[in-house]
Amino acid sequence: MAYYTLAFGVVFLPVAIILYQIFPKKFRWCALLLMSLAYYFTYSSVGVRIFLYPITAAAVCFIIGHFLEKLDKKKASLTDLVRTEDDNGKARPKDEIRKEKSEIRDSYLKKSRAVLAIGILLLVAMLLYLKYTNFFIENINHIFEAAGSEKHFALKHLLLPLGISFYTMQAIGYMVDVYWKKVAAEKNPLKLLLFITFFPTIVEGPIASYNDIHEDLFRGSSIDPENIIQGYIRIIWGAVKKLVIADRLYPAVNLLFDSSTTLRGFEVIAAAVLFTVMEYMDFSGSIDMVLGCGRIFGIGLPENFRQPFFARNASEFWRRWHISLGVWFKTYIFYPVSIGSLAKKWNKFAKGRFSKHPTKMVVSAMALLPVWLCNGLWHGPKWTYIFYGIFYFFIILIELIFEPLGDKLLDKLKLTRKSKGVEVIRILRTWIVIFIGELFFRANSLKDGFIMFGNIFKSFNPSIVWNGSALSWGIDLADWVVVFVMLIIVLIVGIIRERGIEITAALLEKPMILRWGLTLGLIMILLVFGLYGPGFQEVDLIYAGF
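Just so we're clear, the structure is a prediction, and the values are computed from it rather than from any experiment.

> Which parts of the structure should I look at to understand the overall build of the chain?
Counting its secondary structure elements, the chain contains 19 helices and zero strands. In terms of overall dimensions, the chain is globule-like: its C-alpha atoms have a radius of gyration of 26 Å, near the 24 Å expected for 546 residues. Projected onto its principal axes, the C-alpha positions of the chain cover 100 × 65 × 65 Å. Of all 546 residues assigned to the chain, the portion counted as buried reaches 47%. Taking as baseline every contact in the chain between residues at least 6 positions apart, the subset at least 24 positions apart corresponds to 76%. When the accessible surface of the chain is totalled, it reaches about 27,900 Å², and 66% of it is carbon and sulfur.

> Just checking my understanding: could you explain the environment of Met126 for this structure?
Along the chain, Met126 turns up in helix α4 (residues 94-146). Taking C-alpha positions, Met126 is 9.1 Å from Ala57, a pair spaced 69 residues apart along the chain. Residue contacts for Met126: discarding those within four places in its chain leaves Tyr53 and Thr56.

> Hey, could you run me through the side chain of Glu186 in this one?
Topologically, Glu186 is positioned in the loop between α5 (164-179) and α6 (189-197). In this structure the side chain of Glu186 is engaged in a polar contact, spanning 3.0 Å, whose partner is the backbone nitrogen of Asn188.

> Mind showing me how you'd approach the packing of aromatic side chains here?
We describe a pair of aromatic rings using the distance from one ring centre to the other and the angle between the two ring planes. Per the stated rule, a full pass over the model turns up 58 aromatic pairs. Here the aromatic rings of Tyr39 and Phe199 are separated by 6.0 Å at their centres, their planes lie at 50°, and the arrangement is tilted. In this pair, Tyr39 is assigned in helix α2 (residues 28-42) and Phe199 in the loop between α6 and α7 (210-219), connecting sequence segments 160 residues apart. When the ring of Trp346 is compared with that of Phe354, the centres are 5.6 Å apart and the planes differ by 25°; the resulting orientation is stacked.

> So what exactly am I meant to see when it comes to the packing of helix α8 (residues 225-258) against helix α17 (residues 477-498) here?
Packed helices, taken two at a time, are described by the angle their axes make and the gap between the axes. Between α8 and α17, whose axes approach to 10 Å, the crossing angle comes to 140°. The orientation of α8 relative to α17 falls into the category oblique. Pair α8 / α17 crosses with left-handed handedness. Between α8 and α17, the residues in contact are Trp237, Val240, Lys241, Val244, Ile245, Arg248 and Leu249 and Asp479, Trp480, Val482, Val483, Met486, Leu487, Ile489, Val490, Val493 and Arg497, respectively. Taken together, the residues of the contact of α8 with α17 sort by class into 13 nonpolar, no polar and four charged.

> Would you explain the pattern of salt bridges in this entry?
Two side chains that carry opposite charge are able to pair once their charged atoms sit near each other. Under the criterion given, the structure shown has 20 salt bridges. Two residues, Asp282 and Lys242, come together in a salt bridge whose shortest N-O distance is 2.9 Å. Of this pair, Asp282 sits in helix α9 (residues 266-296) while Lys242 sits in helix α8, placing them 40 residues apart in sequence. Judged on exposure class, the residue Asp282 and its partner Lys242 are both buried. Residue Arg312 pairs with Glu316 through a salt bridge whose shortest N-O separation is 3.7 Å. Neither residue differs from the other here; Arg312 and Glu316 are each classed as buried. Connected via shared salt-bridge partners are Arg312, Glu316, Arg320, Glu423 and Glu498.

> Can you walk me through the nonpolar core in this structure?
Core analysis: the largest hydrophobic core is formed by 145 residues, its most contacted members being Phe199, Phe297 and Tyr392. A total of 17 residues in this core trace back to one element, the largest contributor, which is α9. Setting aside anything within four residues of it in sequence, one finds Phe297 in contact with Leu13, Ala16, Ile17, Tyr20, Leu32, Phe199 and Ile223.

> Sorry if this is basic, but what is going on with unusual backbone geometry here?
Glycine aside, negative phi is the norm for most residues, and most peptide bonds take the trans geometry. In the segment running from Gly205 into Pro206, the intervening peptide bond is cis, with an omega of 5°. Structurally, Pro206 can be placed in the loop between α6 and α7. Phi is positive for Gln307, close to 45°, though the residue is something other than glycine. Note on placement: Gln307 falls in the loop between α9 and α10 (314-320). Gln307 gets classed as buried once you look at its relative accessible area, which sits at 12%. Although it is not a glycine, Lys414 adopts a positive phi angle of roughly 60°. You can see Lys414 is positioned in the loop between α14 (383-412) and α15 (420-442). Take Lys414: its relative accessible area is 76%, and that puts it in the exposed class.

Rules of the game
Residues numbered from 1 in each chain as written. Predicted model: local features only at pLDDT ≥ 70, side-chain atom pairs only at ≥ 80, totals over all residues. Heavy atoms only, no water. Helix = DSSP H or I, 4+ residues; strand = E, 2+ residues; numbered from the N terminus. Rg over C-alpha atoms; globule rule 2.2 N^0.38 Å. Buried < 20%, exposed > 50% of the residue type's maximum accessible area, 1.4 Å probe, protein only. Contact = heavy atoms within 4.5 Å. Areas by Shrake-Rupley, 256 points an atom, 1.4 Å probe, with all protein chains shown as cover. Polar contact = N/O pair within 3.5 Å; in protein donor to acceptor, adjacent residues only side chain to side chain. Phe/Tyr/Trp six-rings, centres within 6.5 Å; stacked < 30°, edge-to-face > 60°. Axes fitted to C-alpha atoms, helices over the stretch in contact; angles between N-to-C directions. Parallel < 35°, antiparallel > 145°, perpendicular 65-115°, else oblique. Left-handed = near helix turned anticlockwise from the far one by under 90°. Nonpolar A, V, L, I, M, F, W, Y, C, P; charged D, E, K, R; others polar. Salt bridge = Lys/Arg side-chain N within 4 Å of Asp/Glu carboxyl O. Core = buried A, V, L, I, M, F, W, Y, C linked by side-chain atoms within 4.5 Å.

Now the structure itself:
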């Protein structure tokens, strides 16, 4: 039962609201857990077995968090018991006391790291086995085939649980945060299960940290009517983006990429641009619906998009696109690697040998490589996804390397990065990077991606925009007009938000006739132009597959 279905909006969500409100405040989190498990079950075709995986993840979190906290308390008690006097009652040397305490801390730090490593390995092993086993088998078989061997491994029939990539990252983040003492270990395993399976976030995120949302999840505040209004407005807005724009572009995107190797010039560019728009409308629309659901229950989930197409470079794009994923990688991979032992050894070696900039670039490369390799792998078991991650690794590293040179050039031209013309050029340059990346991301194979990229420079034919060729892509003229008009509206909304105005809150401050008029207009757009119901093919949420 996807967020954009009528069953969710007019049946499931109202039932969840009523159930939540009639539960005693102390146990309202239980209502959320029950509805989350019920929602998760609606995606299942294998029965109660589907619950095994999130329950296992929650159990690992609970046990590892408990042991980490227990080790920390044991360490503190032992360091407090270090004697300050010898057997004769004389004060021990301070250096000797410090050394003994340091040895105790080091010993328990190793134990804590081992416990944390076990927890992470258990969750990662489960994810790798379920999601990547067949990918590894296929590639091993290709190697055997290339070597002339007849040896062949059969693919396995594995159940891939819904949202496993999302809740695995949340679970790992929780354990690391307990290890870092950013949060206290949760004493109730069912509360951890709610954190992992909360029904708005289980399908596509955003990837929330326990520290950010646990108070809202478990507080049990009464539902505010204003939150219901704001929540439903955002849900409707997200459904419009998904059903009116993304699903309308779906036939054209599929048709173009299914004939990808025969496309030439502007057709390839059109395929990349249309997929990028479709993906953004699908993913950001679903996140709007998720955040709207959270708002209804007074739960502040992290924003996952912030006008990404206004980004001036690739780094900024990823600070605006799938924000929660980028924050997770930055927090749990980039920072630990950048201050880790290897980075420290390099800094020590480079000191006095190299200038500051190249020294910094090497550390950046050390930290960025695992981030972007994991980013590619996180999206799924395909070489196109892995290439997508490595592509951004090189683009961002090149940007960092040449950043000082670009600043010097601007200075000579008496310009700054904030000059209007410079900003426009930087945004357009970033669009090129985005579209190339999405071209490979959506390509049926890595080979097809390279063929499509090469074909951009063959028979360049922009006339397809006006000669009617686009009408043969499975979308008629009326649908193109609807898409174009709605994209203009989305652009206007994006510009307003880029100026720091929160539209939903601003709307509620307007006269009643205006705010209800706009809200009803949005509902009418969804009812009239939304692609749903008999006669339409339901298009799955893109990121639900990750």
